[in-house]
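Examining the three-dimensional arrangement
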Amino acid sequence: MPTPNCTRTLPEGYREILSIDLQKDPKTALLVNGLTLIPTVILALIGLAVAPIRSLFDMSRGFGPYFLRFGIMLAGLFLYIVLHELTHAAVMKAYGAKKLRFGFTGLYAYAGSEEDYFAKRPYRQIALAPLVVWTLVFAVLAFLVPRDWFWVVWFWQIMNVSGAAGDVYVTVKLLRQPKDILVKDTGVAMTVYSGE
């Protein structure tokens, strides 16, 4: 019998086979946070190939536009955190999640569910949705804005891709798990169950 996309009860015979909690596993948290350096450096180099970073600091149009760029860049970084979690939540809802919760631990913002279990394929889509959606949005936007605004958007892109390191890490860990798995994602921890 195929595993449903989302269920609120574990099928008979399912048992926990994996748990990921970056809050309680400092070694893994350090690894994941260290991995953020790779996309950060790569994207910074791509950005520098497109526009010199000094364009962000260009004051040739006066102080007003200069401070406006920085204000919008900072506001966008905070807004992105919310949009990232709302994207996870939208895909969870699309797959049938009933009750979602949102929060911030001090290190991580999160969207999750205490009551829902997601099948392997839907959960991969839930995990990677913000990375896919916002990478495309920011890539297009970065090439539509004036040159002195490029780095404003590109910093959002860097935060997007490097900030998805935890989502990518979880997705890679799930690749080796059985096809029938169900994942409970409370937002701060993921527990994987299987009947195999």
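Preceding block: the structure.
Notes on the structure follow.

Thresholds, definitions, all that
Residues numbered from 1 in each chain as written. Predicted model: local features only at pLDDT ≥ 70, side-chain atom pairs only at ≥ 80, totals over all residues. Heavy atoms only, no water. Helix = DSSP H or I, 4+ residues; strand = E, 2+ residues; numbered from the N terminus. Buried < 20%, exposed > 50% of the residue type's maximum accessible area, 1.4 Å probe, protein only. Contact = heavy atoms within 4.5 Å. Expected span 1.5 Å × (residues − 1). Core = buried A, V, L, I, M, F, W, Y, C linked by side-chain atoms within 4.5 Å. Phe/Tyr/Trp six-rings, centres within 6.5 Å; stacked < 30°, edge-to-face > 60°. Pairing = 2+ DSSP bridges. Axes fitted to C-alpha atoms, helices over the stretch in contact; angles between N-to-C directions. Parallel < 35°, antiparallel > 145°, perpendicular 65-115°, else oblique. Left-handed = near helix turned anticlockwise from the far one by under 90°. Salt bridge = Lys/Arg side-chain N within 4 Å of Asp/Glu carboxyl O.

A look at the overall build of the protein chain
Across its full length, the protein chain carries six helices and seven strands. When the helices and strands of the protein chain are read in sequence order from the N terminus, they spell out β-β-α-α-α-β-β-β-α-α-α-β-β. Its C-alpha atoms give the protein chain principal-axis dimensions of about 70 × 30 × 30 Å. In the protein chain, buried positions account for 44% of the 196 residues. Here the contacts in the protein chain between residues at least 6 apart in sequence split such that 72% fall between residues at least 24 apart.

Examining helix H2 (residues 37-50)
Since the α-helix turns once every 3.6 residues, residues separated by three or four places project in the same direction. With 14 residues, H2 ought to run about 20 Å at 1.5 Å a step, and its terminal C-alpha atoms sit 20 Å apart, in line with that. Contacts from the buried residues of H2 go to helix H1 (26-35) and helix H5 (150-163).

Examining the nonpolar core
Counting 26 residues, the largest nonpolar core has Phe118, Tyr123, Ile126, Val170, Leu174 and Val183 as its most contacted members. Secondary-structure elements contributing two or more residues to this core are strand S2 (15-20), H1, helix H3 (63-94), helix H4 (120-144), helix H6 (165-175) and strand S7 (190-194). The contacts of Ile126, once residues within four sequence positions are left out, are His88, Val91, Met92, Tyr95 and Phe118. Leu56, Phe150, Val152 and Trp154 belong to the second largest nonpolar core, which has 16 residues in total.

Notes on the packing of aromatic side chains
Tallied over the entire structure, the rule returns nine aromatic pairs. Ring centres of Trp134 and Phe138 lie 5.6 Å apart, and the angle between their planes is 35°; on these two criteria the pair is classed as tilted. A residue pair is termed a helical-turn pair when its members lie 3 or 4 positions apart in one helix, as Trp134 and Phe138 do in helix H4 at four residues. Just as Trp134 is buried, Phe138 falls in that class too. Summarising the aromatic geometry, the rings of Phe143 and Trp154 are spaced 6.5 Å apart at their centres and angled 75° between planes, so their arrangement reads as edge-to-face.

Focus: the pairing of strand S4 (residues 109-112)
By the bridge criterion, four bridges tie strand S3 (residues 101-104) to S4 in an arrangement that is antiparallel. For Gly103, the partnering residue across the bridge sits in S4 and is Tyr110. Here S3 hands over to S4 after four residues, with Gly106 in that stretch at a positive phi of 105°.

Examining the packing of H3 against H4
Where H3 meets H4, the closest approach of the two axes is 8 Å, and the angle between their N-to-C directions is 130°. Taken together, the axes of H3 and H4 are oblique relative to one another. Crossing hand, H3 versus H4: right-handed. Side by side, H3 and H4 meet where Tyr80, Leu83, His84, Thr87, His88, Val91 and Met92 of the first sit next to Gln125, Ile126, Ala127, Ala129, Pro130, Val133, Trp134 and Phe138 of the second.

Re the pattern of salt bridges
A side chain with one charge can pair with a side chain of the opposite charge if their charged atoms come near. Under the definition given, this model contains four salt bridges. We note a salt bridge from Arg8 to Asp116, for which the minimum N-O separation is 3.7 Å. Here Asp116 lies in the loop between S4 and strand S5 (117-119) and Arg8 lies in the loop between strand S1 (6-7) and S2, a separation of 108 residues in the sequence. On the accessibility criterion, Arg8 (40% relative accessible area) is partly exposed.

So yeah, pure geometry; function would need other evidence.
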